[in-house]
Amino acid sequence: MTNKTKDHASMPVNLEIVSPERLLLAQPVEMVVIPASEGDMGVLEGHAPAIVMLRGGIIALYENDRVTDQMYVAGGFAEITPERCTVLANEVLAPTDLSREEGERRLAAAEEALAQVEASDVAAEEMALERVQSARALVEAVDTLLTGGGR
Amino acid sequence: MPSLKDLRVRINSVKSTQKITSAMKMVAASKLRRAQAQAEAARPYAERMERMLRALAASVSDMPNAPPLLAGTGKDQTWLLVPVTADRGLAGAFNANIGRHTRTLARRLEAEGKTVKILPVGRKGRDYLRRELASRITGDISYAGKRRLEFADAGEVSERITAMLNAGEIDGCILIYNRFRSVISQIVTEQQLIPAPPPPEGEGIELGGATYEFEPDEETILARLLPQALAVQVFRALLESAAGEHGARMTAMDNATRNAGDMIKRLTLNYNRARQANITKELIEIISGAEAV
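Small disclaimer: the values here were computed from a predicted structure and weren't measured. (Residues numbered from 1 in each chain as written. Chains lettered and ligands numbered in written order. Predicted model: local features only at pLDDT ≥ 70, side-chain atom pairs only at ≥ 80, totals over all residues. Heavy atoms only, no water.)

Asker: If you had to explain the overall build of chain A to someone new, which residues and values would you point to?
Answerer: Tallying secondary structure elements over chain A gives three helices and ten strands in all. Summarising its shape, the C-alpha atoms of chain A cover approximately 55 × 35 × 30 Å along the three principal directions. The buried share of chain A, taken over its 151 residues, is 45%. Residue pairs in contact within chain A that sit at least 24 positions apart in sequence constitute 54% of those at least 6 positions apart. Of the accessible surface of chain A, which amounts to about 7,500 Å², a share of 51% is contributed by carbon and sulfur atoms. Here chain A carries 12 positive and 26 negative side-chain charges, and the mean point of each set is 5 Å from the other. (Helix = DSSP H or I, 4+ residues; strand = E, 2+ residues; numbered from the N terminus. Buried < 20%, exposed > 50% of the residue type's maximum accessible area, 1.4 Å probe, protein only. Contact = heavy atoms within 4.5 Å. Areas by Shrake-Rupley, 256 points an atom, 1.4 Å probe, with all protein chains shown as cover. Lys, Arg positive; Asp, Glu negative; His and termini not counted. Charge placed at Lys NZ, Arg CZ, Asp CG, Glu CD.)

Asker: Just give me the short version of the pairing of strand β4 (residues 39–43) of chain A, but keep the residues and values in it.
Answerer: Relative to β4 of chain A, strand β3 (residues 31–36) of chain A is paired through five bridges, and the arrangement is antiparallel. What sits directly across from A36 of chain A, in β4 of chain A, is G39 of chain A. (Pairing = 2+ DSSP bridges.)

Asker: Got a sec to walk through the interface of chain B and chain A? Specific residues and values, please.
Answerer: Residue-level contacts link 26 residues of chain B with 30 residues of chain A. Between chain B and chain A, the buried area comes to about 2,500 Å², and carbon and sulfur atoms account for 61% of it. Area buried by chain B at its contact with chain A is led by Y45, E215 and R224 of chain B, which between them contribute 29% of it. Scanning the region where chain B abuts chain A turns up three salt bridges. (Buried area = accessible area lost by both parts, 1.4 Å probe. Salt bridge = Lys/Arg side-chain N within 4 Å of Asp/Glu carboxyl O.)

Asker: Outline the packing of helix α1 (residues 4–41) of chain B against helix α7 (residues 218–292) of chain B, listing residues and values.
Answerer: Residue and element names in this part refer to chain B. Running from N to C, α1 and α7 cross one another at 160 degrees; their axes reach a closest spacing of 7 Å. Our classification of the angle between α1 and α7 gives roughly antiparallel. Between α1 and α7 lies a crossing whose hand is left-handed. (Axes fitted to C-alpha atoms, helices over the stretch in contact; angles between N-to-C directions. Parallel < 35°, antiparallel > 145°, perpendicular 65-115°, else oblique. Left-handed = near helix turned anticlockwise from the far one by under 90°.)

Asker: Go over the packing of aromatic side chains with me, naming the residues and quoting the values.
Answerer: Residues and elements named next belong to chain B. Evaluated as defined, the whole model comprises two aromatic pairs over all chains. Centre to centre, the rings of F151 and F235 are 5.2 Å apart; their planes meet at 85 degrees, and the pair counts as edge-to-face. Of this pair, F151 sits in helix α6 (residues 151–166) while F235 sits in helix α7, placing them 84 residues apart in sequence. Members of the aromatic cluster, connected to one another through ring pairs, are Y45, F151 and F235. (Phe/Tyr/Trp six-rings, centres within 6.5 Å; stacked < 30°, edge-to-face > 60°.)

Asker: Give me the domain arrangement of chain A: which residues, what numbers.
Answerer: For interface size, the figure often reported is the accessible area lost on association. Residues and elements named next belong to chain A. Each assigned domain of chain A is listed with its residue range as follows: domain 1 (6–93) and domain 2 (98–147). Centre-to-centre, using C-alpha coordinates, domain 1 lies 23 Å away from domain 2. With ten residues of domain 1 at the contact, the number on the domain 2 side is eleven residues. Interface of domain 1 and domain 2: buried area, both sides summed, is about 770 Å²; carbon and sulfur atoms make up 59% of it. Of all residues in domain 1, the largest losses of buried area upon contact with domain 2 belong to I58, Y72 and L93, amounting jointly to 54% of the total for that side. Applying the counting rule to domain 1 against domain 2 returns one salt bridge. Among the ionic pairs, E91 bridges to R106, the shortest N-O distance being 2.9 Å. In this assembly, domain 1 and domain 2 are joined by four residue pairs in polar contact (both at pLDDT 80 or more). Elements that contribute at least two residues to the side of domain 1 that touches domain 2 include exactly β6 (57–63) and β7 (66–73). Classifying every residue of the side of domain 1 that touches domain 2 by side-chain character gives five nonpolar, three polar and two charged. (Domains from an automatic or database assignment. Polar contact = N/O pair within 3.5 Å; in protein donor to acceptor, adjacent residues only side chain to side chain. Nonpolar A, V, L, I, M, F, W, Y, C, P; charged D, E, K, R; others polar.)

Asker: Give me helix α3 (residues 122–146) of chain A: which residues, what numbers.
Answerer: Note: α-helices contain 3.6 residues per turn, so residues at a spacing of three or four share the same orientation. Residue and element names in this part refer to chain A. Between its first and last C-alpha, α3 extends 36 Å over 25 residues, near the 36 Å set by a 1.5 Å rise per residue. Three or more residues of α3 are buried, namely A128, V132, S134, A135, A137, L138, V139, A141, V142 and L145. Residues of α3 that are buried in the fold lie against β6, β7, β10 (92–93) and α2 (100–116). (Expected span 1.5 Å × (residues − 1).)

Asker: I'd like a description of a negative patch on the surface, backed by residues and values.
Answerer: A contiguous patch of negative charge, built from E118, D121, E125 and E126 of chain A, is present on the exposed surface. When you line up the elements, D121 of chain A lands in the loop between α2 and α3. (Patch = residues over 30% accessible without salt bridge, like charges linked within 9 Å, V, L, I, M, F, W, Y side chains within 5 Å.)

Asker: Let's hear about the side chain of S185 of chain B: which residues, and what values?
Answerer: Here S185 of chain B is to be found in strand β4 (residues 185–194). Not counting chain neighbours up to four residues away, the residues in contact with S185 of chain B comprise R179 and F180 of chain B.

Take a look at the structure:
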């Protein structure tokens, strides 16, 4: 997270969220918080250029220090430059598309897949772990975005 | 000379064929619009993915052990051909073009002493290639019955390719598909997926002098980004091919409808002639009968 002074805060970040199937969102925001692989990351205007991997989690858009929009991403990548933040998401779900059953179904499937991975196959195990994390984040997203939390 | 009844039956049968072909043309036209829109919508992701990949490649260009997805296995013995065709026919030469191209390419590679494996995507291509190259086919994928292509479908193809590459079964991979240029023209395109061809020079990435930070690190991201990029390329080819299929079918059905129209015109002319001849004959009979009295 970069520490920004007030005069910068008025400049927006051009946020783009793209899924393989279409461009989902392109709008300037004051700040966006993305779930990077090693912890959530707030992106303001003037951020140092970076390419980060995303884990499953919630993207939150901020305007005037208040959350204006949130959505779930199942993982992907983000490219950050001083002017823009491009999120290449594997899958994006708006709060209205979230359902607890779907999340639990995925979590069960991912955990089962993890159990079947051979211990020697490190790469496969890592992939499976990531899927479990992504599914768990979906279940958590249902809790925070649908019940009480959210906007 | 066929009888009046025979002609009537034929005219009716051609008419119902014409109804079917013109309905198929209409269906293809509406599906084409949808397929084109879908291909259009998928473009931004591919573009941004490429931009990211270039930024990465620039910063890991001197990596000693580049992943095989990028650099291949170092050999070029076994090639995997992935021809993308439709699941249905009646689309003119759409499927046959791919089949023919694949066959020629396979023969050429084999003449050079290389081993060829084929992973056909789409039922028509599989059927076509099974006739001559059955021993090279290593499985097939088809989306028959799917209403809409999803990214996960492309993921399935690319996972198969990656798995074969990692198992050392193949050294390179070439995708063959119909690129959609216009409704009447689809171009058979060969695209080398592995080893990845070097990105075209010239348009550098605007970094503004700064270099990217990577989290976690370049190699981890690259290892994850490459399979995704492969899937994107396959997805793009699938979408192009889907649009091309509907375009080709539209053209083919348009021709068929027109042909049927010509045929109906000809048959109707024959029918009217035969009817006239019948009437004339009857008149002659009546007149000559009256004269005899």
